[in-house]
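Chains, contacts and geometry: an overview
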Amino acid sequence: MGKMLSIRMRASRQRGAEEVHISGAEGIYEEGELDRIAGKYLRRATSHPKGEPDRIVLTVERIRERPRLISSLPVATLRCSSTEEAEGHIRALLRELGISDRAAVSAFRVVRAQAAMRGACLMDAATGKRMEPDRKRGVRASRIGTGREAGRLLSSRLSHRGICTDTVREAIILASKVAFWKPVEAELCISDDSDYTTGYVASRRFGYIRIPHIKGKGSHAGGRVFFLGPGADIQKTVAYLENAPVVIGRVSGCRGECSLHEIIGDHHR
Ligand code: PML
C-alpha cells in the first residue's frame, strides 16, 4: 500500500451570521488518486441541488497511522409506510438493542430539534444523558473510506437494490466505522436534508437498517445519536470516531425490504 491520504470536502453558504451546510464528502485514498478525487469532490460541491456554495474547503491530510480494515454492516430496508410506523419500529429496534425507553425519548428530542447539530450526540444508553464534550459542535465521525475492490462491490450490491446513491453509500461507511467501536451499542440517524425522509438504526447486532418515512418532507430537523454502553470512555470514543483511520475492506450483504419481525426474528434463532 502506498502513501495514504484523507481527503475531505465541505461546501457551505453564509446566511447572516450562520454558515449553512450544503454538501460534504470524504474518503481515504492512495496518494496517486488525489487529482481525480479532488476534481470529483469539487464538481460535487458546485453542482448540489441545495444550491451554489460561497465557501468550499478541501482538506488533504497524510494518514500516518495504518488504517484499521473492517467489514461494512449488512444492509436491509424496513417495510414502513408512515412516520408513526417508523417511530414504532425505531423504538422496537432500540429496545431489542438494550437502549432504555428513557434514552430513546431523549434521542428523539435531539434528532427532532429544529436546529440540527452538525456533529453527532453521544448518549448514555441507560439514562439518556448526553455525554459529548461540546453540545453545539457534537462529535464528527471522520477519516473513513473503502478499499477500491470493496468500494466497487458495495456500489454493485446497493445498485442491485436500486439504492446506490452517495448519501446511502456514505452513511453505510460512516455507520460501519461507528458500529465497529464496541462501546457504541447503536446509532440513530435522521438526515437534516428537508427532502430526505429515510433514516436508519445501525448496530453490530442487526446491521444497517434503513427506515423510510422517518420524518415528513419539509423538515430540516435531523441528526445522529450514538448510544454508549456502561463505562464507555468518552475521550477514547471521541478520539476513535474523529481521528482513527478506518477503511472498509470487506462488504456484507444487502437485503431488500424486510419486516421488523424478519429483522429481529432472524437474530432470535
Ligand atoms: C445524512 O447523511 O444526511 C443521513 C443519510 C441517511 C441515509 C439513509 C439511507 O437512505 O440509507
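In this text, all values refer to a predicted model and were calculated from it rather than measured experimentally.

Considering the sheet that holds strand β3 (residues 55–63)
- Strand order in the open sheet formed by three strands is β2-β1-β3, with antiparallel pairing between adjacent strands. The sheet terminates laterally at β2 (18–30) and β3, the two strands that pair on one side only. This sheet shows a mean twist of 15° between the axes of neighbouring strands, independent of strand direction.
- By the bridge criterion, nine bridges tie strand β1 (residues 4–15) to β3 in an arrangement that is antiparallel. Looking across to β3, one finds that A11 is bridged to I56.
- Sheet strands touched by helix α1 (residues 34–46): β1, β2 and β3. Its angle to β2, the strand with the most contacts, is close to 160°.

Section: the sheet that holds strand β13 (residues 254–258)
- Pairing within the open sheet is mixed, and its seven strands lie in the order β6-β11-β8-β9-β10-β5-β13. Looking at strand neighbours, the two that pair on one side only are β6 (121–124) and β13, the edges of this open sheet. Pairs of neighbouring strands in the sheet enclose a mean axial angle of 20°, with direction left out of account.
- Where strand β8 (residues 184–190) and strand β11 (residues 223–228) come together, six bridges link them in antiparallel fashion. When the bridges of β11 are listed, E187 appears paired with F226.
- Across the face of the sheet, helix α2 (residues 83–96) comes into contact with β5 (75–78), β8, β9 (199–203), β10 (207–211) and β11 while running at roughly 160° to β10.

Describing the pattern of salt bridges
- Under the counting rule described, the total for this entry stands at 19 salt bridges.
- Here R44 ties to D166 by a salt bridge, and the two come within 3.4 Å at their closest N and O atoms. Of this pair, R44 sits in helix α1 while D166 sits in helix α5 (residues 166–180), placing them 122 residues apart in sequence.
- Since its relative accessible area comes to 17%, R44 is described here as buried.
- The closest approach of N and O atoms between E187 and R224, which form a salt bridge, is 3.0 Å. Here the residue E187 occupies a position in strand β8, and R224 occupies one in strand β11, the gap between them amounting to 37 residues.
- Among the ionic contacts, a cluster of salt bridges with common partners joins R8, E61 and R143.

Procedures and definitions
Residues numbered from 1 in each chain as written. Predicted model: local features only at pLDDT ≥ 70, side-chain atom pairs only at ≥ 80, totals over all residues. Heavy atoms only, no water. Pairing = 2+ DSSP bridges. Helix = DSSP H or I, 4+ residues; strand = E, 2+ residues; numbered from the N terminus. Axes fitted to C-alpha atoms, helices over the stretch in contact; angles between N-to-C directions. Contact = heavy atoms within 4.5 Å. Salt bridge = Lys/Arg side-chain N within 4 Å of Asp/Glu carboxyl O. Buried < 20%, exposed > 50% of the residue type's maximum accessible area, 1.4 Å probe, protein only.

Any functional reading would require information that these geometric values do not contain.
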